[in-house]
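Notes for the structure review
This is what each chain is made of:
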Amino acid sequence: MAEKLEGRVIKAISGFYTVEIDGHEPVVAQIAGRLKQEWQSSTLVAAGDWVTISLNPDGTGTVEAVAKRKSVLSRSRPTAAPTRKMSADQEQVLVANLDQVIFVFAVKNPTSNLRKLDRFLVVAEMNNLPTIICLNKIDLDKKGKVAAQFQRYADIGYPVLHSSVKTGEGIAELKELLHDKISVLAGSSGVGKSSLLNAVQPGLGLKVSAVSGATGKGMHTTRFAELFPLDDGGYVADTPGIRGLALFDLEPTELDAYFREIAPLVSDCQFSDCSHRHEPGCEVLAAVADGRIHPNRYNSYLRLRDEHEALDEENY
């Protein structure tokens, strides 16, 4: 009988999974045929998964079982079709069993896109992931104008870390946040993610950026996620496709639950099916009017709701 081992997937690429096993060399494994027999609505195996493998005579492995996930960062699987249809949606798990996600934005070069941040935050809330916002290149914010824009997120309970590789601000705090955790650092090209990782651990950012460059952006380019170990304990996960997170399995009527400042007000609306657009007695509209909800956050809610209502209509 083949030897059975348990370990964590640290790389997932084109059906091959590198499994890290205590006291054993990493094993490259493929999924057992019986696990792939039925159509799956979600990724079978992802970076971060705990798996049981059997060792083959040639030193490779076969994934026999996947442990239940405690958390995921996922999106709707990209499709080559010109339009996305929710009826054909599959969940693409980017990273499994992570402890937190850190969204990195820059003061400038590139300018922060807060609408993108609002989408990212909905993804994190849907996946029940602890979230930290990192505002990088803070040394360029001479008058504090960009930091003031990010204050709206601190006001609703998201930790906002200011960082600068140039001055060293926030680097020690970031290193402590990453300690003994599996973390995803997500952000657009140019925000300084690699420089931050290099400041936390020399050479780490170079490894991550090399992987990111290899994944590319084309539909036919190989895409994969990988966990990089931290010297002080924990892992940083790099994953492709984080820029275009399409929300998986989101009903338009549920969207208000994933905006922290909107969710507590819903029960006070006059109508139970309130869309928070125009209904009389809408507590959300009242909160926008009196400043409890930032108008830009409210506009992000409206745009996302419009987007998913349009997708919903395609099913009928």
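The written sequence of each chain sets the order in which its residues are numbered from 1. Per-residue local features are limited, in this predicted model, to residues with pLDDT of at least 70; the limit for side-chain atom pairs, both in listing and counting, is 80 or more; totals at the level of whole chains, interfaces and linings are taken over all residues. Side-chain numbers here rest on the full set of heavy atoms in the structure, without hydrogens or water.

1. Section: the confidence of the model for the protein
Let me state the cut-off plainly: For every residue, the predictor reports its confidence as pLDDT, a number between 0 and 100. Contacts are assigned to residue pairs with any non-hydrogen atoms lying within 4.5 Å of each other.
For the protein, per-residue confidence averages 87 on the pLDDT scale, and residues scoring 70 or more make up 85% of the total. Predicted confidence for residues 216-222 stays below pLDDT 50, and this span has 13 contacts to residues more than four positions away or in other chains.

2. Considering the environment of F271
The condition that has to hold: Helical segments are the DSSP runs of H or I of at least four residues, strand segments are the runs of E of at least two, and each set is numbered from the N terminus. For the exposure calls, accessible area comes from a 1.4 Å probe over protein chains only, and a residue counts as buried if that area is under 20% of its type's maximum, exposed if over 50%, partly exposed in between.
Note that F271 resides in the loop between β13 (235-238) and α6 (283-289). Judged by its relative accessible area of 35%, F271 is partly exposed. A sequence separation of 11 residues divides F271 from C282, and the C-alpha atoms of the two residues are 7.6 Å apart. If near-sequence neighbours (up to four positions away) are discounted, F271 is found in contact with E279 and P280.

3. Focus on the environment of A225
In this structure, A225 sits in strand β12 (residues 224-229). For A225, a relative accessible area of 7% gives the class buried. Taking the C-alpha atoms as reference points, A225 and V9, 216 residues apart in sequence, are found 10.0 Å from one another.

4. Things to note about the pairing of strand β2 (residues 16-21)
To keep things clear, this is the line we draw: Strand pairing is assigned whenever DSSP detects at least two bridges linking the two strands.
Here five bridges tie strand β1 (residues 4-13) to β2, and the two strands are oriented antiparallel to one another. Pairing of A12 across the sheet is with Y17, part of β2. Adjacent in sequence and paired antiparallel, β1 and β2 are bridged by two residues, among which S14 carries a positive phi angle near 50°. The sheet contact formed by β2 and strand β3 (residues 24-31) spans four bridges and is antiparallel. Residue V19 lies in a different strand from β3, and its bridge partner there is V27. The loop that links β2 with its antiparallel partner β3 comprises two residues; one of these, G23, has a positive phi angle of about 75°.

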